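Okay, here's what each chain looks like letter by letter:
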Amino acid sequence: MAMKKDQQRLTFFEPVVRRVFRTILDAHPEITDRLGDYAASRIRIDVRDAPFCMVLQVAKREIGVYRRGAKVKSDAQISGSFMTLLKLAEGGDDGDSLFFNRDIEISGDTEAVVALRNALDDSDIDIIRESLAAFGVLALPLRIGYRVFQDMQPIVAGMFAP
Amino acid sequence: MTKKQHRKTPELVCPAGTPSALRVAVDAGADVVYCGFRDETNARNFPGLNFSRKEMSEATEYAHKKNAHVYVTVNTFPQAGKTDLWRKAVNDAVDCGADALIVADMGIAAYAAKTHPKTRLHLSVQASASNPDAIKYYCDTFNVKRVVLPRVLSIPEITALNDEIPCETEVFVFGGLCVMAEGRCLLSSYATGKSPNMNGVCSPAGDVRYAQGKDGSMDSKLGVFTINRFAEGEPTGYPTICKGRFKCGGDTGYIFEEPTSLDAISMMPELLQSGVTAFKIEGRQRGKAYTEAVVKAFRKALSDYARGWPLKTDALIALAEGGQSTEGAYKKTWR
């Protein structure tokens, strides 16, 4: 039986993810500027090796977290592994190369995806550092937690692989 | 007649689609970074890419502090009677501190030469000037100091050309390839109404769609046309018609050219002997990770060559379109 839309939403995680998302947008206003009209696009990020996906809309400063495979309206979609998407967002990997090598897949409004990729590539974001900084005194334990996650990542990826 | 500048090592001219990529290119060892404004005056008019006027000023300041130069591309062709945007781009580039302008259109070349006679003028590959008569005309008429050669000439042809023309030459050594006469190709406009020559976009992203199949395949669509289907795991290329896979004469295949990137590191000794002044890396649409990797690889290759060390020729394959590279026309094996 199909789940209702609100059952597909991971509301427990959303405040945390939203806080990080808005902190990054506040620290990098050039992202919104460079996106221009594409800031209004709803872009779905499918993390292949995680049990969730996200839909972000920069103009509204909104981000939703959903169960993997949830049916959510979006204008464009990007999918890849967690580490691939993280490196792409931080400009640590070239998006075209990842696309040529099938490490990422895109669908929907290609223009919106290209605009987001270029805006992020210019922004010199350090997502992990900036995300952790958003949590003040919790930054240190979260950083330790992230390092544990990095070590465990291949195991976690295996658990959620299709 | 213009005097040629002779350099012991070629100038390394590197791409930047964003200010961040420019800084990365300069820090990685670029002698020059080329870039354009955020509009259709340059041949990489992609969403989210390119420079505002303020960013261009800051970029030239950054480059100059580190002894690098910035060339500004104003290399598309305006429609008759609609040249204001291009003239403004020329004026603003000079105001921003550009060390040279890269132009393609004769009218814009004439305007730049007349209005800013002290600014170096380079002829874009988009002008497709590939013979001595054409190049001499641009040199004599617009005082062009350098021509970027189309990627269709063999090394003996480049050598012969350098002996006959009064200006410097710049050749592509890495990146995307066009099989067509550059600046003349209209294939994209048949499917989308837009071309790189007029609008700065080949296969504009707004007309591109990718569809993932349940079997792991991926369809690449341009406008209403499906131009390629990649099997699961097969490396992909740009969604351009020239690199589409079509049914023709009972066969299905690449009838124009395969998705592949130019990589001329192995041809570096011959290119240096041919008398070129500058090596150019294509890819303003690529991420800064690409820029950094390619600039460092070519800086290292130049250094290795100068020391007499062997050249590492396969370092950049992961960045290549379709997962493969070619020496292109430099190593022409066909007639």
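The rules behind the values
The residue numbering used here restarts from 1 in each chain and proceeds along that chain's sequence as written. Numbering of ligands from 1 and lettering of chains from A proceed in the order in which they are written. This being a predicted model, a pLDDT of at least 70 is required before a residue's local features are given, and a value of 80 or more before pairs of side-chain atoms are given or counted; all residues contribute to the totals for chains, interfaces and linings. Side-chain metrics rest on all non-hydrogen atoms present in the structure, leaving aside hydrogens and water. In this text, helices come from DSSP runs of H or I with a minimum length of four residues, and strands from runs of E with a minimum of two, each type numbered from the N-terminal end. In this setup the radius of gyration rests on C-alpha atoms only. A globule is expected at 2.2 Å times the number of residues raised to 0.38. Under the scheme applied here, a residue whose accessible area is under 20% of the maximum for its type counts as buried, over 50% as exposed, and between as partly exposed, the area being computed with a 1.4 Å probe on protein chains only. By the convention used here, residues are in contact when the closest approach between their heavy atoms is within 4.5 Å. These domain boundaries are the output of an automatic or database domain assignment. Once two parts are brought into contact, the accessible area they lose, counted with a 1.4 Å probe and summed over both, makes up the buried area. Salt bridge, as applied in this entry: a Lys or Arg side-chain nitrogen positioned within 4 Å of an Asp or Glu carboxyl oxygen. Between any two strands, at least two bridges found by DSSP are needed for them to pair. Only the stretch in contact is used when a helix axis is fitted, and all axes are lines through C-alpha atoms; the angle between N-to-C directions ranges over 0 to 180 degrees. Side-chain atoms alone can form a polar contact between residues adjacent in sequence; in general such a contact is a pair of N or O atoms within 3.5 Å, and within protein one must be able to donate a hydrogen while the other accepts it.

A closer look at the overall build of chain B
When helices and strands are tallied, chain B shows 10 helices and 15 strands. Since a compact globule built from 335 residues should have a radius of gyration of about 20 Å, the 19 Å found for chain B is in line with a globular shape. The principal-axis extent of the C-alpha atoms belonging to chain B is close to 60 × 55 × 40 Å. Evaluated residue by residue, chain B yields a buried proportion of 56% over its 335 residues. Partitioning the intrachain contacts of chain B with sequence separation of at least 6 by distance along the chain shows that 62% fall at a separation of at least 24.

Examining the domain arrangement of chain B
All names here are of chain B. As far as domains go, chain B holds domain 1 (11-177 + 260-331) and domain 2 (187-254). Placing a centre on the C-alpha atoms of domain 1 and another on those of domain 2 gives a separation of 26 Å. Across the boundary between the two partners, domain 1 contributes 19 residues, which contact 12 residues of domain 2. Roughly 1,100 Å² of surface becomes buried between domain 1 and domain 2 when both sides are summed, with 47% attributable to carbon and sulfur atoms. In terms of surface lost to domain 2, no three residues of domain 1 exceed Phe77, Glu321 and Gly322, which account for 37% of the buried area on that side. At the junction of domain 1 and domain 2, the tally comes to 1 salt bridge.

Describing the sheet that holds strand β8 (residues 208-212) of chain B
All names here are of chain B. Ordered in space as β8-β9-β10, the 3 strands form an open sheet in which the pairing is antiparallel. Only two strands of the sheet have a single neighbouring strand rather than two, namely β8 and β10 (225-230). Direction aside, the axes of adjacent strands within the sheet are offset by 20° on average.

Side note on the interface of chain A and chain B
At the interface, 29 residues of chain A touch 40 residues of chain B. For the chain A and chain B pair, buried surface summed over both sides reaches about 2,600 Å², with 46% attributable to carbon and sulfur atoms. Area buried by chain A at its contact with chain B is led by Arg34(A), Phe100(A) and Arg102(A), which between them contribute 30% of it. Remark: the boundary between chain A and chain B carries 5 salt bridges. Taking the shortest distance from any N to any O, the salt bridge between Arg34(A) and Glu55(B) comes out at 3.0 Å. Where chain A packs against chain B, one counts 23 residue pairs in polar contact (both at pLDDT 80 or more). Elements that contribute at least two residues to the side of chain A that touches chain B include exactly α3 (29-35), α5 (95-100), β5 (105-108) and α6 (110-122) of chain A. Examining the composition of the side of chain A that touches chain B, we find that 9 residues originate from one element, α6(A), more than from any other.

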